[in-house]
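# Structural overview for review
The lines below spell out each chain.
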Amino acid sequence: MNDVSEIIETLYRGDGGALSADDIASFLDECESGDYDEALAARAREVREPIYGNRVYVRGLIEISNICKNDCLYCGIRRSNRNCIRYRLDEDTIISCADEGYELGFRTFVLQGGEDAYYTDDVMCSIISRIKSSHPDCAVTLSLGERSRDSYRRMRSAGADRYLLRHETANPDHYAQLHPASMSYENRIQCLYTLRELGYQVGCGFMVGSPYQTNRHIANDLCFIRDFYPAMCGIGPFVPHHETPFASFPSGTVEKTCRLLSIIRLLCPHVLLPATTALGTIHPRGREMGILAGANVVMPNLSPVGVRKQYELYDNKICTGEESAQCRDCLELRIRSVGCEIVTDRGDVKK
Ligand code: SF4
């Protein structure tokens, strides 16, 4: 047995905690050939099976605003993009999206947006409590970036269950290459710990193939994820946006993204792991491949069709033209094609 196969078995046995960042970085280098991807995916499915079976959870994504005060270098809706047509959804529109989603069988709503000052704590608390009182059997997930502890606390008290905040990279120098000086790695990580302390189910994550990323950076990400053990972990390929400083960088690959999905499933067997829209953007069967690699969540769009193209975090994003019901039906067929099934369920982390 060679070193790579031994590491796969170490991960499969649940002993990934014994691996150092150096071990993982060398392992990732060895895996670049693609020769071990099938073995990793098979082990990831074996680990997923007793916990989640063939059940795939859907999250209804409502993109509430593409206005953002930040200027992340990779992001299509960054503040400096003067060619982005901005929008924000008002409270009643957001509620209607959730109501429509409920009828379609969604039991989790993800309210995602840029860091837009319009959505004060009062506004957000009102939206959250209205959704929770109309649909008490549903979970509300927020993905609204960095806010104060008090803001996170108030939204949690209003009924928010989960919070997604990708850490983006667990290496401070790499973080500084992807973000303006006004943003800090330390604050990002602190937000994740604060959210957990406040009782949220917390999600972190990163882009695969982001500019300047090395396997050593990814090894640091994997160690961080293993040690933090998030309830959710969003990883998808980096896809460039033409109006950003990273326009000419290449996209991440479907192969490497799927490989990392498998490794994360092995490091954190209970994690809720989306096959992301970005994965479906770089390959026509990217999301199906993600499910086969160990993912168990998909996030179809519930935003009004009229604004979907404007929430363009990266170029050529898919699913911007279909109605919500079409998106759900399309995903249902795709998930079935790989032997899994979409379920009507809040889909809380099983731990
Ligand atoms: S990645 Fe998020 S915080 Fe950064 S510019 Fe885009 S929407 Fe704003």
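Residues numbered from 1 in each chain as written. Predicted model: local features only at pLDDT ≥ 70, side-chain atom pairs only at ≥ 80, totals over all residues.

### Structural notes on the overall build of the chain
Our working rule: Secondary structure is summarised from DSSP: a helix means a run of H or I of at least four residues, a strand means a run of E of at least two, and numbering begins at the N terminus for each. A radius of gyration in this sense is built from C-alpha atoms; the matching globule rule multiplies 2.2 Å by the number of residues raised to 0.38. Counting other C-beta atoms within 10 Å of each residue's C-beta, where C-beta atoms are placed from the backbone, gives the exposure class: buried for 20 or more, exposed for 12 or fewer, partly exposed between. Remark: residues whose backbone-derived C-beta atoms lie within 7 Å of one another are considered to be in contact.
Helix and strand content of the chain: 14 helices and nine strands. In terms of overall dimensions, the chain is globule-like: its C-alpha atoms have a radius of gyration of 19 Å, near the 20 Å expected for 351 residues. Among the 351 residues that make up the chain, the fraction classed as buried is 50%. Partitioning the contacts of the chain with sequence separation of at least 6, the portion at a separation of at least 24 is 78%.

### Notes on helix 2 (residues 21-31)
In an α-helix, one full turn covers 3.6 residues, which means residues spaced three or four apart are oriented alike. Stated precisely, the cut-off is as follows: The arc in question is formed by the directions pointing from the helix axis toward the C-beta atoms.
Among the residues of helix 2, those classed as buried are Ile24, Ala25, Phe27, Leu28 and Cys31. Buried residues of helix 2 fall within an arc of 160° about the axis and therefore sit on the same side. Against the buried residues of helix 2 lie helix 1 (3-12), helix 9 (215-228) and helix 10 (254-267).

### A short note on the packing of helix 2 against helix 9
Test applied: Where helices are involved, their axes are fitted lines through C-alpha atoms of the stretch in contact, as for all axes, and angles between N-to-C directions lie from 0 to 180°. Each angle is binned into one of four classes, with values under 35 degrees roughly parallel, values over 145 roughly antiparallel, values of 65 to 115 roughly perpendicular, and all other values oblique. Crossing handedness is defined as follows: a turn of the near helix away from the far one that is anticlockwise and smaller than a right angle gives a left-handed crossing, while the clockwise case is right-handed. The residue classification treats Ala, Val, Leu, Ile, Met, Phe, Trp, Tyr, Cys and Pro as nonpolar and Asp, Glu, Lys and Arg as charged. All others, Gly included, are polar.
Two elements in contact, helix 2 and helix 9, have axes whose closest approach is 8 Å; the angle formed by their N-to-C orientations is 125°. Compared by their axis directions, helix 2 and helix 9 come out oblique. Judged by the twist between their axes, the crossing of helix 2 over helix 9 is right-handed. From helix 2, Ala21, Ile24, Ala25, Leu28 and Asp29 reach across to helix 9, where they touch Asn215, Arg216, Ile218, Ala219, Asn220, Leu222 and Cys223. Split into classes, the residues belonging to the contact of helix 2 with helix 9 amount to eight nonpolar, two polar and two charged.

### A few points about the sheet that holds strand 6 (residues 201-208)
We apply this condition: A pair of strands is considered paired only if DSSP assigns at least 2 bridges between the two.
Strands sit in the order 2-3-4-5-6-7 across an open sheet of six strands; the sheet is parallel. Each edge of the open sheet is held by one strand with a lone partner, namely strand 2 (60-65) and strand 7 (232-237). The average angle at which neighbouring strand axes cross in this sheet is 20°, direction not considered. For strand 4 (residues 139-143) and strand 5 (residues 162-164), the ladder comprises two bridges, and the chain directions are parallel. Note on strand 5: the bridge partner recorded for threonine 141 is arginine 162.

### Concerning the pairing of strand 7
In regular strands, side chains alternate between the two faces of the sheet. This is how the line gets drawn: Assignment of crossover handedness uses the view with strands pointing away from the viewer, where a clockwise path from the first strand over the helix to the second indicates a right-handed crossover.
Along strand 7, six of the six residues are buried, which leaves the element largely enclosed by surrounding structure. Strand direction decides the pairing type here: strand 6 and strand 7, joined by six bridges, are parallel. Following the sheet pairing, methionine 207 is matched in strand 7 by glycine 236. In this region the chain leaves strand 6, passes through helix 9 and returns to the parallel neighbour strand 7; the handedness of that crossover is right-handed.

### Focus on helix 5 (residues 121-134)
Stated precisely, the cut-off is as follows: By definition here, a helix of n residues has an expected span of 1.5 Å times n minus one.
Spanning 14 residues, helix 5 covers 20 Å between terminal C-alpha atoms, matching the ideal 20 Å at 1.5 Å per step. Every buried residue belonging to helix 5 is among Met124, Ile127, Ile128 and Ile131, and all of these are buried. Along the long axis of helix 5, the arc covered by the buried residues comes to 95°, so they all point the same way. Residues Asp122, Ser133 and Ser134 are exposed on helix 5 and point more than 90 degrees away from its buried face. Looking at the packing, one finds that the buried side of helix 5 touches helix 4 (91-103), strand 3 (108-113), strand 4 and helix 6 (149-157).

### Comments concerning the sheet that holds strand 8 (residues 297-298)
Reading across the sheet, the three strands line up as 8-1-9 and stay open at both edges, with parallel pairing between neighbours. The sheet terminates laterally at strand 8 and strand 9 (341-343), the two strands that pair on one side only. Relative to strand 9, strand 1 (residues 55-58) is paired through three bridges, and the arrangement is parallel. Bridged to valine 56 within strand 9 is isoleucine 342.

### Some words on the environment of threonine 320
For threonine 320, the location among the structural elements is in the loop between helix 13 (305-308) and helix 14 (324-336). Each C-alpha atom, one on threonine 320 and one on asparagine 301, is 8.1 Å from the other, the two residues being 19 residues apart in sequence. Once residues lying within four places of it in the same chain are set aside, the contact partners of threonine 320 are Arg308 and Lys309.

### Brief notes about the site of the ligand
Test applied: In this analysis a residue is considered near a molecule or strand if the C-beta atom, reconstructed from its backbone, is found within 6 Å of that molecule or strand.
Taken together, the neighbourhood of the ligand is formed by Cys68, Asn70, Asp71, Cys72, Cys75, Ile77, Arg78, Gly114, Glu115 and Gly145. Considered class by class, the residues forming the shell around the ligand number four nonpolar, three polar and three charged.

### Focus: the environment of glycine 145
Topologically, glycine 145 is positioned in the loop between strand 4 and helix 6. Residue classification places glycine 145 among the buried residues on the basis of 20 C-beta atoms within 10 Å. On a C-alpha basis, the gap between glycine 145 and glycine 286 in space is 26 Å, while along the polypeptide they are 141 residues apart.

### Thoughts on the nonpolar core
Here is the rule: Remark: nonpolar core denotes a set of buried Ala, Val, Leu, Ile, Met, Phe, Trp, Tyr and Cys residues whose joining runs through C-beta atoms within 7 Å.
Of all hydrophobic cores here, the largest spans 104 residues; its most connected members are Ile62, Phe109, Val140, Cys233 and Ile264. A per-element tally of this core places helix 10 first, with eight residues. Once residues within four sequence positions are removed from consideration, valine 140 is found in contact with Phe109, Leu111, Ile128, Ile131, Lys132, Gly159, Ala160 and Asp161.

### Things to note about unusual backbone geometry
One non-glycine residue, tyrosine 212, adopts positive backbone phi at about 70°. C-beta crowding within 10 Å serves as the criterion here: with 13 such atoms nearby, tyrosine 212 is assigned to the partly exposed category. For asparagine 316, which is not glycine, the phi torsion reads 60° and is therefore positive. Assignment of secondary structure puts asparagine 316 in the loop between helix 13 and helix 14.

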